[in-house]
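# Analysis of the macromolecular model
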Amino acid sequence: MIEKRNNSIEDSTSNNNTFKKLSIQVGLNGLSFCVLDTISNEILVFEKVLFKTSSTPYLILKELKAALDQHNIVDSDFSEVMVIHKNGLFGLVPKTLFNKEELPNYLKFNAKIMANDHIVFDEIMNHDMVNVYIPFTNVNNYIFDLFGEFEFKHSGTILIGTLLTQSTATRDPICYVQVSEKEMEVVIISEKKLLFYNHFEYKTKEDFLYYLLFSLEQLQLNLENTQLKLFGLVEEGDAIYELCYRYIKHVSVFAPNNSAYPMEQLEDQAIDFTVLSSL
């Protein structure tokens, strides 16, 4: 695995964690977590672990335990704890059509559901949508044993809600893509309304382009008018950026604009946008 580390929580100037928030993101391709001091608005601890191959829920938990223990997180108290589940086992449902008694039916056509799967849902506030998904139950059970009551959401819930809130009412569609080492999340918005969201795993830059163009094609969008905003593990001029630019005229690297984020600390740290947005 590849790890990127910051300081242990014991290295912070205060031993009182009453005003500290912990955000953890787990997925089959990696995990990350972040500790934020809500008084100083300073990120105290950050770690990101990338798996060489797609993992399993059992191994995800094993890696998470090791990483939290290494940074003395397991012995700390927090004012808030958030767990973010990043996977493709989800389905978006208009709120007007949603019935919590029908959760398996919303997923059975695009995800393999086991009899013992625990299916849950998030409401995407102020946007009349519900995200139905399968969390990593073993991770939730472990976090509850450590910290007691906590909140958990699907990564798509946080990403969609944050981008819809930040977006402007432009007529031309905007395609946001969060780029990770082996994953991409595509969000397409027009006039502050969600048109499309999906999660893909890719191996090459050509795979990345295929999923991107496939997503745009589903909505029959004109590549001359669509704005593409890339963020995450991407830079202007790199291989993914240049390949996208061959096919899409308006391409840019998107920087989250929110005064609550201590962005000046993040210049050399690829902290996930969804992790930051959940703090």
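Residues numbered from 1 in each chain as written. Predicted model: local features only at pLDDT ≥ 70, side-chain atom pairs only at ≥ 80, totals over all residues. Heavy atoms only, no water.

With that out of the way, let us pick up the packing of helix H5 (residues 205-218) against helix H6 (residues 239-247). At a minimum axis separation of 10 Å, H5 and H6 run at an interaxial angle of 40 degrees. As the angle between them shows, H5 and H6 are arranged oblique. For the pair H5 and H6, the crossing hand works out as right-handed. Only Ala239, Ile240, Leu243, Cys244 and Tyr247 of H6 make contact with H5, whose side of the interface consists of Lys205, Glu206, Phe208, Leu209, Leu212 and Leu213. Residues belonging to the contact of H5 with H6 are distributed by class as follows: 9 nonpolar, no polar and 2 charged. (Axes fitted to C-alpha atoms, helices over the stretch in contact; angles between N-to-C directions. Helix = DSSP H or I, 4+ residues; strand = E, 2+ residues; numbered from the N terminus. Parallel < 35°, antiparallel > 145°, perpendicular 65-115°, else oblique. Left-handed = near helix turned anticlockwise from the far one by under 90°. Contact = heavy atoms within 4.5 Å. Nonpolar A, V, L, I, M, F, W, Y, C, P; charged D, E, K, R; others polar.)

This part covers the pairing of strand S5 (residues 80-86). For S5, the tally of buried residues reaches 6 of 7 residues, placing the bulk of the element in the interior. With 7 bridges connecting them, strand S2 (residues 20-27) and S5 associate as parallel partners. Bridge assignment links Ser23 to a residue of S5, and that residue is Met82. Bridge count for S5 against strand S9 (residues 151-154) is 4 bridges, and the pairing is parallel. Pairing of Val83 across the sheet is with Phe152, part of S9. (Buried < 20%, exposed > 50% of the residue type's maximum accessible area, 1.4 Å probe, protein only. Pairing = 2+ DSSP bridges.)

Attention now goes to the sheet that holds strand S13 (residues 227-232). Strand order in this open sheet of 5 strands is S12-S11-S10-S13-S14, and the pairing throughout is mixed. At either margin of the open sheet sits one strand with a lone partner, and together these are strand S12 (193-201) and strand S14 (250-253). Strand-to-strand, the axes of this sheet are offset by a mean angle of 15 degrees, without reference to chain direction. Note: S13 against S14, 4 bridges, orientation parallel. In the sheet register, Leu228 faces S14, and the bridge partner there is Val251.

A few words now on the packing of helix H1 (residues 57-70) against helix H3 (residues 137-147). Helix packing for two helices is described by the angle between their axes and how far apart those axes are. Where H1 contacts H3, the two axes come as close as 9 Å, and the packing angle between them is 30 degrees. Overall, the two elements H1 and H3 adopt an arrangement that is roughly parallel. Handedness of the H1/H3 crossing: right-handed. Along the contact surface, H1 presents Pro57, Tyr58, Ile60, Leu61, Leu64, Lys65 and Leu68, while H3 presents Asn138, Val139, Tyr142, Ile143 and Leu146. Across the contact of H1 with H3, the residue classes break down as 10 nonpolar, 1 polar and 1 charged.

This next bit is on the environment of Met82. Inspection of the secondary structure assignment puts Met82 in strand S5. For the pair Met82 and Lys153, spaced 71 residues apart in sequence, the C-alpha separation works out to 7.7 Å. Dropping the residues within four chain positions of it, Met82 is found in contact with Leu22, Ser23, Ile24, Glu151, Phe152, Lys153 and Ser278.

Attention now moves to the confidence of the model for the chain. With 88% of its residues at a pLDDT of at least 70, the chain reaches an overall mean of 87. In the model of the chain, strand S1 (residues 2-5) stands out as the element of lowest mean pLDDT, 42, in contrast to S9, which has the highest, 97. This model gives residues 1-6 a pLDDT under 50, and the stretch forms 26 contacts once residues within four places in sequence are excluded. (pLDDT = per-residue confidence, 0-100.)

Another point: the nonpolar core. Of all hydrophobic cores here, the largest spans 26 residues; its most connected members are Leu22, Leu64, Leu68 and Ile143. The set of elements that each furnish at least two residues to this core consists of S2, strand S3 (30-37), strand S4 (42-50), H1, S5 and H3. At 5 residues, the largest contribution of residues to this core is made by H1. Residues in contact with Leu64, not counting those within four places in the same chain, are Ile24, Val26, Leu31, Val139, Tyr142 and Ile143. (Core = buried A, V, L, I, M, F, W, Y, C linked by side-chain atoms within 4.5 Å.)

The sheet built from 3 strands is open, its strands ordered S6-S8-S7 with antiparallel pairing. Single-partner strands in this sheet number two, and they are strand S6 (90-94) and strand S7 (120-124). The average undirected angle you get between the axes of adjacent strands in this sheet is 25 degrees. Each of S6, S7 and strand S8 (129-133) is contacted by helix H4 (residues 155-166), which is oriented at about 5 degrees to S7, the strand it contacts most.

It is worth spelling out unusual backbone geometry at this point. Generally, phi is negative for residues other than glycine and the peptide bonds are trans, each holding for most cases. One non-glycine residue, Asp128, adopts positive backbone phi at about 50 degrees. Along the chain, the position of Asp128 falls in the loop between S7 and S8. One non-glycine residue, Gln220, lies in positive phi territory at about 55 degrees. Mapping Gln220 onto the fold places it in the loop between H5 and S13. Exposure remark for Gln220: the relative accessible area of 73% places this residue in the exposed category.

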